Amino acid sequence: SWCGFRRVGSEQGRWRKTFTNGKQRCWAPPSSPYEGGIFFISIRFPPDYPFKPPMVSWKTPILHPNIDKPRVFHSLLVTATWKFGTTVKKLLQALHDMLFHLKVEEEDNYLADVARMCILKSERFKKEARMMTEAHAMN
């Protein structure tokens, strides 16, 4: 399995999620700057879930155009585009996929400067993202 999540504390609707790339779990391709990292997120389900999307907070520092710690930009998490039938598994898969497929279009990112770096200076982006992963998401 590429991920696991568990309920945190006694507060209903609060979950913690871990993306890992350990020996038994591998989600990043060898060329990914996030390879080997462990990333933590917090998911809070509102009382009116599944009619409204959960609130997702990214906890581990990461260089990513769609993540401005703790905010995560994904169309799936926007109330206007949230679909009632979206399962937790689909949500987790979408968050996982963000690490493979960076959205760099202007309307799809929080961090325009990081998105520009992805496009115009991809080797610099990979190097800086790798250094951040090693500093904050490993060990």
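Before reading on, note that the structure itself is shown above.
Presented here is a report on the structure given in the accompanying data block. A quick note: this is a predicted structure, and the numbers were derived from the prediction, not measured. (Residues numbered from 1 in each chain as written. Predicted model: local features only at pLDDT ≥ 70, side-chain atom pairs only at ≥ 80, totals over all residues. Heavy atoms only, no water.)

1. Concerning the overall build of the protein chain
Point 1. Of regular secondary structure, the protein chain possesses 3 helices and 6 strands.
Point 2. Listing every helix and strand of the protein chain by position from the N terminus yields β-β-β-β-β-β-α-α-α.
Point 3. Burial statistics for the protein chain: of 139 residues in total, 38% are counted as buried.
Point 4. Carbon and sulfur atoms make up 54% of the accessible area of the protein chain, which amounts to about 8300 Å² in all. (Helix = DSSP H or I, 4+ residues; strand = E, 2+ residues; numbered from the N terminus. Buried < 20%, exposed > 50% of the residue type's maximum accessible area, 1.4 Å probe, protein only. Areas by Shrake-Rupley, 256 points an atom, 1.4 Å probe, with all protein chains shown as cover.)

2. Quick notes on the nonpolar core
Point 1. Core analysis: the biggest nonpolar cluster contains 27 residues, and Trp58, Leu95 and Phe125 have the highest contact counts within it.
Point 2. At the level of elements, strand E3 (39-44), strand E4 (55-58), helix H1 (88-98), helix H2 (112-120) and helix H3 (122-136) are the ones that each hand at least two residues to this core.
Point 3. With 5 residues, H1 is the largest single contributor of residues to this core. (Core = buried A, V, L, I, M, F, W, Y, C linked by side-chain atoms within 4.5 Å.)

3. Description of the pattern of salt bridges
Point 1. On inspection of all chains with the given rule, the structure shows 5 salt bridges.
Point 2. Where glutamate 123 meets lysine 126, a salt bridge forms, and the shortest distance between an N and an O atom there is 3.6 Å. With a gap of 3 residues between them, glutamate 123 and lysine 126 both fall in helix H3, about one helical turn apart.
Point 3. Classification of lysine 126 as partly exposed rests on a relative accessible area of 37%.
Point 4. Salt-bridge contacts for arginine 124 lead to glutamate 128; the nearest nitrogen and oxygen are separated by 2.7 Å. With arginine 124 and glutamate 128 both in helix H3, this residue pair falls 4 residues apart, about one helical turn.
Point 5. You can call arginine 124 partly exposed: its relative accessible area is 42%. (Salt bridge = Lys/Arg side-chain N within 4 Å of Asp/Glu carboxyl O.)

4. Topic: the pairing of E4
Point 1. Burial of the side chains of E4 is restricted to one face: Val56 and Trp58 are buried, whereas none of Met55 and Ser57 on the reverse face is.
Point 2. Relative to E4, E3 runs antiparallel, the two sharing 4 bridges. Among the inter-strand pairings, arginine 44 is bridged to a residue of E4, identified as methionine 55. (Pairing = 2+ DSSP bridges.)

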